[in-house]
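Inside the fold
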Amino acid sequence: MSKWLLLLVLLASIPFAVWIWWLDKQVVARFEGQKWQVPSEVYSAPLVLLDGAPWRKQDLEQVLMDYGYRFGKNSQKIGWAARSQTKVSAHLRDYMDHTGYHPASRRIFSFANGTLQIQDVSGKRYRTATLEPQKIGYLYGGNTENRDILVFEEIPKSLIDILTITEDREFFSHFGISFTGIARAAWVNLSSGSRRQGGSTLTQQLIKNMFLTSDRTYSRKITEVFMALLLEYRYSKEDIITAYINEVYLAQEGSSALHGFAAASEYFYGRPLGELNLAEQALLVGMVKGPSIYNPRRHPERAKQRRNVVLDLLYEQGRLTQGNANALKQLPLRVTKEGKRRSVFGDYLDLVSMQLERDFDASALATENLKIYTGLDIRAQKNALAAMQGRVSALEQQKTELRGLQGAMVVTDRLSGQVRAVVGSSDKLYSGFNRALGAVRPIGSLVKPSIYLTAIATGRFTWWDRLEDAPQQFKVGNTLWQPQNYSRTSHGEVPMYEALAKSYNLATIDLASQLGFDRVAQTLKDLGVKRPFTMYPSVALGSLELSPFEVARLYQPLASTGQSAELGVVLSVMDQSGKVLKRFDQSSSVPFTKEALAVTLAGMTKSPEIGTARAAQAQLPGLRFAAKTGTTNDQRDSWFVAITGDYLSTVWLGQDDNAPMNITGSSGAQWVWIDFAKALPQQSLPKALPSGAAYYQVTKDEFEIAADRCDEKVELAFIEGTQPRSSTSCIWPF
């Protein structure tokens, strides 16, 4: 009889063994995937502070707060800052990127006459100080969860203590389940007549988060127990608590789930987890019990009460004195008003993804925890977005017909061509359509500097030369095309510099005719226009259709005077071990001389002086910059390009349905840039020209070099050899 009983037991155990084997496979596959399939992290460029650059004290303080620096009485600790009436000190964090390791440093900043001065505590001056790159997002490959992944060594020991004391005091001694916790939960459930407690360990909670639903059934609980036992058998306590700290759900950020204490630290405090104090860590741990109920932004008093309960537990377990616990309980919550990861970076991440998909497999980007370093300037991005949203909102309020007005903006480093900011919409939230990349529209008068560059580069034209601003007709197919000036008037014979500054269509088409339209088309291609187009005469007045990003690329060789020809987005990609997998270098080959590019750029500075960008010059009187406005037929598109010592900025405004608007490049897009430049002080465009080019004062009526005493003169840039050969003293002979 006993043999038959044994056989029955063995037979009955086979399904159980198969079930356990299947659970084990599930645990290993999912846990290993959780450990190693980590999304790639995208970082901004480091913020390089230059001695002598225009800075306001309040702006640097705001930047430090945005970067998670805490202000106190001194800046001796890394990640802390202090301020007086005239100075700011900060202990800057260390970081590592593709350029190597950059150690922490303590710097003192002062702001004499609106410019930054950098020194250390001994008074030694420094040319630069650098704030570490900031994490701006992830490439998930479709996953919408937000996480910051930590390894065990990066987790603050205090957080582990608070977590285990609050959620599972026997974590480091049990083997996945706690009989004490189960017994306590059973007693509560039996005495209440309902299932009110689960007695789950951290291991069981992790199993539920990673594998199971939150249904309160006994079958699910049994599965949870066995999976917890298998997880403890397979992995160390360090592995398990690290996974828990990275996995636990703590908040909802828009449509995205926020997982992990590191991500929650950035979201609620705007700082790394390691820089939180005990009260702040206690608040995050307290949220585990109910992320929605104890959300400190939605329910601050309830969250504070829960935090204080956690602090009391620390006191009861001897981890805090009564005095320390009471002091921590008196602290305010100090959570930020909104999460650090806002849609402000969404448009830029589109660009990052677009570039990397050519060189990396999507699954690798989504699972291999690559470190992606970009050229993003956080200050430029935030100020560009604020300028776009603020000005569009103001225009919509001024003119009801502009309701639904959209915009895009691309900001690049003037010299390197690195893309510093991308705004793809004027909407308050990320709309999903990135107009900086996808809105292909006629560029209007923005095409004109390319034509004047063509002329300057031949050596046969100078800014003083006269053009005929008079009506012309062109036969295009079977029709006659007769262009007009925006004002519907002509101006006769005008100098080239005035024709560009005041954006005269008829004078420009006269110049294009003299050069040859095919030659103008070649210049556009040489400057980076890759989109196919047919060179009709109307292209010389802006019927060419490009996106704002493509316009920025068109202007980059001119803005940099040949130092960069392409736009850069991603600087490098590194793996988890710090090995550089790929560097990205953009082309700097431009088939124009530095002299021709610099002289053309100098000519563009006349637009703020006497032309269509005078409003910007009036608002920014101390700034030297080059600019070009653009307006298309029926005012369907409003464009503005500005070039300062720091940035090349391209702005577009328009309606998605291509409807006519009652704004021009001057009255619309120009004001977006004005707001941007006011919020983000920039250095003037250097006046110096390369060897082989020079400025000369020339009389307005005769092609002669003018003496200083001459009244009717203008300063113009020339390629050496094209300047006037004769001069005048402006003294009448007697």
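Conventions we followed
Residues numbered from 1 in each chain as written. Predicted model: local features only at pLDDT ≥ 70, side-chain atom pairs only at ≥ 80, totals over all residues. Heavy atoms only, no water. Helix = DSSP H or I, 4+ residues; strand = E, 2+ residues; numbered from the N terminus. Buried < 20%, exposed > 50% of the residue type's maximum accessible area, 1.4 Å probe, protein only. Contact = heavy atoms within 4.5 Å. Pairing = 2+ DSSP bridges. Axes fitted to C-alpha atoms, helices over the stretch in contact; angles between N-to-C directions. Disulfide = S-S within 2.5 Å. Phe/Tyr/Trp six-rings, centres within 6.5 Å; stacked < 30°, edge-to-face > 60°. Polar contact = N/O pair within 3.5 Å; in protein donor to acceptor, adjacent residues only side chain to side chain. Salt bridge = Lys/Arg side-chain N within 4 Å of Asp/Glu carboxyl O.

**Topic: the overall build of the chain**
When helices and strands are counted, the chain shows 24 helices and 32 strands. In the chain, which comprises 734 residues, the proportion classed as buried is 54%. A fraction of 67% describes how many contacts in the chain between residues 6 or more apart in sequence connect residues 24 or more apart.

**Focus on the sheet that holds strand S11 (residues 135-139)**
The strand order across the open sheet formed by five strands is S11-S1-S15-S24-S25, and the pairing between neighbours is mixed. Every interior strand has two partners, whereas the edge strands, S11 and strand S25 (580-583), have only one. When strand polarity is set aside, the average angle formed by the axes of neighbouring strands in this sheet is 20 degrees. Bridging between strand S1 (residues 40-43) and S11 involves four bridges; their strand directions are antiparallel. The residue of S11 that forms the bridge with Glu 41 is Tyr 138. Most of the contacts of helix H12 (residues 346-356) go to S11, to which it runs at about 50 degrees, and overall it touches S1, S11, strand S15 (371-374) and strand S24 (570-574).

**Topic: the state of the cysteines**
Overall, the coordinates contain one disulfide when judged by the stated rule. The disulfide that involves Cys 710 links it to Cys 730, with 1.8 Å between the sulfurs. Across the S-S bond linking Cys 710 and Cys 730, the dihedral sits near 105 degrees, which makes this disulfide right-handed. Here the residue Cys 710 occupies a position in the loop between strand S30 (705-706) and strand S31 (713-719), and Cys 730 occupies one in the segment after strand S32 (727-728), the gap between them amounting to 20 residues. In this structure Cys 730 comes out as partly exposed when scored by relative accessible area, which is 37%.

**Brief notes about the packing of aromatic side chains**
Following the criterion strictly, the structure yields 12 aromatic pairs and no others. The interplanar angle of 45 degrees and the centroid separation of 5.8 Å between the aromatic rings of Phe 640 and Trp 673 together place this pair among those described as tilted. Here Trp 673 lies in helix H24 (residues 665-679) and Phe 640 lies in strand S27 (residues 637-643), a separation of 33 residues in the sequence. When the ring of Phe 703 is compared with that of Phe 718, the centres are 6.3 Å apart and the planes differ by 55 degrees; the resulting orientation is tilted. Taken together, the residues Phe 703 in the loop between strand S29 (693-699) and S30 and Phe 718 in strand S31 connect sequence positions 15 residues apart. Judged by relative accessible area, Phe 718 falls into the buried class, the value being 1%.

**Regarding unusual backbone geometry**
Most peptide bonds adopt trans geometry, and most residues besides glycine take a negative phi value. Even without being glycine, Ser 503 reaches a positive phi, approximately 55 degrees. Residue class for Ser 503 comes out buried when judged on its relative accessible area of 14%.

**Things to note about the environment of Arg 624**
Among the secondary structure elements, Arg 624 is positioned in the loop between helix H23 (614-619) and strand S26 (626-631). Separated by 15 residues in the primary sequence, Arg 624 and Glu 609 have C-alpha atoms spaced 9.4 Å apart. Each residue touching Arg 624, except ones within four places of it in the same chain, is listed here: Thr 605, Ser 684, Leu 685, Pro 686, Lys 687 and Tyr 695. In terms of polar contacts, Arg 624 uses its side chain to reach the side chain of Tyr 695, at 3.2 Å.

**Some details on the sheet that holds strand S4 (residues 80-83)**
Reading across the sheet, the five strands line up as S3-S4-S5-S8-S9 and stay open at both edges, with mixed pairing between neighbours. Two strands close off the open sheet at either side, each with one partner strand: strand S3 (70-71) and strand S9 (117-119). Bridging between strand S5 (residues 87-92) and strand S8 (residues 105-110) involves six bridges; their strand directions are antiparallel. Across the sheet, Lys 87 pairs through a bridge with Ser 110, a residue of S8.

**Digging into the pattern of salt bridges**
Summed over all chains, the structure comprises 25 salt bridges. Close ionic contact of Lys 382 with Asp 66 constitutes a salt bridge, the shortest N to O distance being 3.6 Å. With Lys 382 in helix H14 (residues 378-398) and Asp 66 in helix H2 (residues 57-66), this pair connects stretches of sequence that are 316 residues apart. One salt bridge in this structure joins Arg 441 and Asp 637, with 2.9 Å as the shortest N-O distance. Taken as a pair, Arg 441 in strand S18 (residues 441-442) and Asp 637 in strand S27 lie far apart in primary sequence, 196 residues in all. Here Arg 441 matches Asp 637 in class, with each residue buried.

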